[in-house]
Amino acid sequence: MLESSFRIGSVFGIRIGVHYTWFIVFFLLVSSLFIAFRSDHPDWSAHATLLTALATTLLFFVSIILHELGHSVVAIARGVKVRSITLFIFGGVAQTAKDADTAATEFLIAIAGPLVSFALAGLFYLLQLGFSPYSETASVTFGWLMTINLVVAIFNLIPGFPLDGGRVFRAIVWGISGNAIKGMQWAVVSGKIVAFGLMISGMLIALQTGMLLNGLWLIGIGWFLLAVAEGSKRAYFMERLVGNVSIGDVVQKEVPTIAADRSILQWVDEQMLLTGRRASLVTEDDQTIGLITLSDAIKCPRAQWSNTPVREIMTPLDHLYVVKPSASILEVFHIMQQRGINQVPVVDERQIVGWIDREHILRILQLHVEAGR
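All figures in this text were calculated on a predicted structure; none of them were measured in a lab.

*Asks:* Could you clarify how one ought to interpret the overall build of the protein in this entry?
*Replies:* Across its full length, the protein carries twelve helices and ten strands. Whereas a compact globule of 373 residues would reach a radius of gyration of roughly 21 Å, the protein reaches 27 Å, over 25% beyond that. Taken along the three principal axes of its C-alpha coordinates, the protein extends 90 × 55 × 45 Å. The buried share among the 373 residues of the protein stands at 44%. In the protein, the proportion of contacts linking residues at least 24 apart, taken out of those at least 6 apart, comes to 60%. Summed over all atoms, the accessible surface of the protein reaches about 19,900 Å², with 61% contributed by carbon and sulfur. Put simply, the protein has 27 plus and 28 minus side-chain charges, and the middle of one group is 4 Å from the middle of the other.

*Asks:* Would you mind showing me how to read the pattern of salt bridges here?
*Replies:* By the definition in use, this model includes four salt bridges. Taking the shortest distance from any N to any O, the salt bridge between Glu 106 and Arg 170 comes out at 2.6 Å. Within this pair, whereas Glu 106 is found in helix α3 (residues 103-131), its partner Arg 170 is found in helix α5 (residues 164-177), the two being separated by 64 residues in sequence. Here Glu 284 ties to Arg 311 by a salt bridge, and the two come within 2.4 Å at their closest N and O atoms.

*Asks:* Where do I start with the packing of aromatic side chains in this structure?
*Replies:* Each aromatic ring pair is specified by the distance between its two centres and by the angle formed by the two planes. Summed over the entire model, instances satisfying the criterion amount to nine aromatic pairs. Between Phe 26 and Phe 61 the ring centres are 6.5 Å apart and the planes differ by 35°, which places this aromatic pair in the tilted class. You can see Phe 26 sitting in helix α1 (residues 22-40) and its partner Phe 61 sitting in helix α2 (residues 46-77), a full 35 residues away along the chain. In this structure, Phe 26 and Phe 61 share a single accessibility class: buried. Judged by centre distance (5.9 Å) and plane angle (80°), the ring pair of Phe 60 and Trp 144 falls under edge-to-face. Separated by 84 residues along the polypeptide, Phe 60 in helix α2 and Trp 144 in helix α4 (residues 136-156) bring together distant segments of the chain. An aromatic cluster of at least three residues, connected via ring pairs, comprises Trp 22, Phe 23, Phe 26, Phe 60, Phe 61 and Trp 144.

*Asks:* Hey, could you run me through the side chain of Thr 308 in this one?
*Replies:* Tracing the backbone through its elements, the reader meets Thr 308 in the loop between α10 (294-299) and β8 (315-316). Judged by its relative accessible area of 8%, Thr 308 is buried. Here the side chain of Thr 308 touches Gln 304 through a polar contact of 2.6 Å, landing on its backbone oxygen. The contact partners of Thr 308, leaving out residues within four places of it in the chain, are Arg 262, Ser 263, Ile 264, Cys 300 and Ile 313.

Calculation criteria
Residues numbered from 1 in each chain as written. Predicted model: local features only at pLDDT ≥ 70, side-chain atom pairs only at ≥ 80, totals over all residues. Heavy atoms only, no water. Helix = DSSP H or I, 4+ residues; strand = E, 2+ residues; numbered from the N terminus. Rg over C-alpha atoms; globule rule 2.2 N^0.38 Å. Buried < 20%, exposed > 50% of the residue type's maximum accessible area, 1.4 Å probe, protein only. Contact = heavy atoms within 4.5 Å. Areas by Shrake-Rupley, 256 points an atom, 1.4 Å probe, with all protein chains shown as cover. Lys, Arg positive; Asp, Glu negative; His and termini not counted. Charge placed at Lys NZ, Arg CZ, Asp CG, Glu CD. Salt bridge = Lys/Arg side-chain N within 4 Å of Asp/Glu carboxyl O. Phe/Tyr/Trp six-rings, centres within 6.5 Å; stacked < 30°, edge-to-face > 60°. Polar contact = N/O pair within 3.5 Å; in protein donor to acceptor, adjacent residues only side chain to side chain.

The following block contains the structure:
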């Protein structure tokens, strides 16, 4: 979901990363806290106010990481691998290798985050009381952190997927009905209701004097929740509907081929442009020796296309990623995404029996989702 991030460390083997959008909210939060603290405490120096705003903001994001670690620790304890935690413009997200396999696991993982935020709110309340007689800046910082963690906990318990409350709701429906798909369907519906509610509220707030930024922020959160809910629904149903469909069931056996000594220009004009197929297997003496794609051809200067045989620009067979007919269609699709490839030869007992391309897989996935089978 958040590939454009850089690593800042790891905890329990979980990668902690920061998405570039995080810097936007970091700057906005520091600025807002500086203005608020300056207004409420005019006797503070500008330097002290800025340091307090910076420290408060950093501790807030530490709280977000701890919230996500709450989910992650429970997930690991329940056998669900956690790949990473990423901070971004709307908070934080923990990415797992798979979904929970039982309603109880889903409930415990989902509720752990808000419980951590409630615990942090209590901790910061105690710290505020303890520092109040000695440091006004520390007391103000801990007071704000107490409030914001309480808000985070309560907001996340709203029963709208993908918020924690939506996941709790999904687990409850799943547990009562015994049907994981029904739980997901109801959770997505609740998520969309919450998302549209936030966007409408944001529009109304934005019309109020001096409330434009607050309104736009709510609209942004609503739009994000709507997009994630829909994306999560699509990914969830794809995984379950086609998780048992193997490449052997959908392999394309009629694979375009081109002789190794044919020129790039001949391949482009006589085959690719006429068939619309962006790639072909390269053959020599009735044996497949490689794969040529449009991307390979483009790397060669066009003036040389007429006298350059395809063998010179192809990817050799031993450098290609190949799959067996028994491989899952979803497994191959994920490999394509990770490796940035569009075609994968299918090999059975060392013989190429066909191939599968990204466009074909996407059509199959979409049809499965539309048909619900």
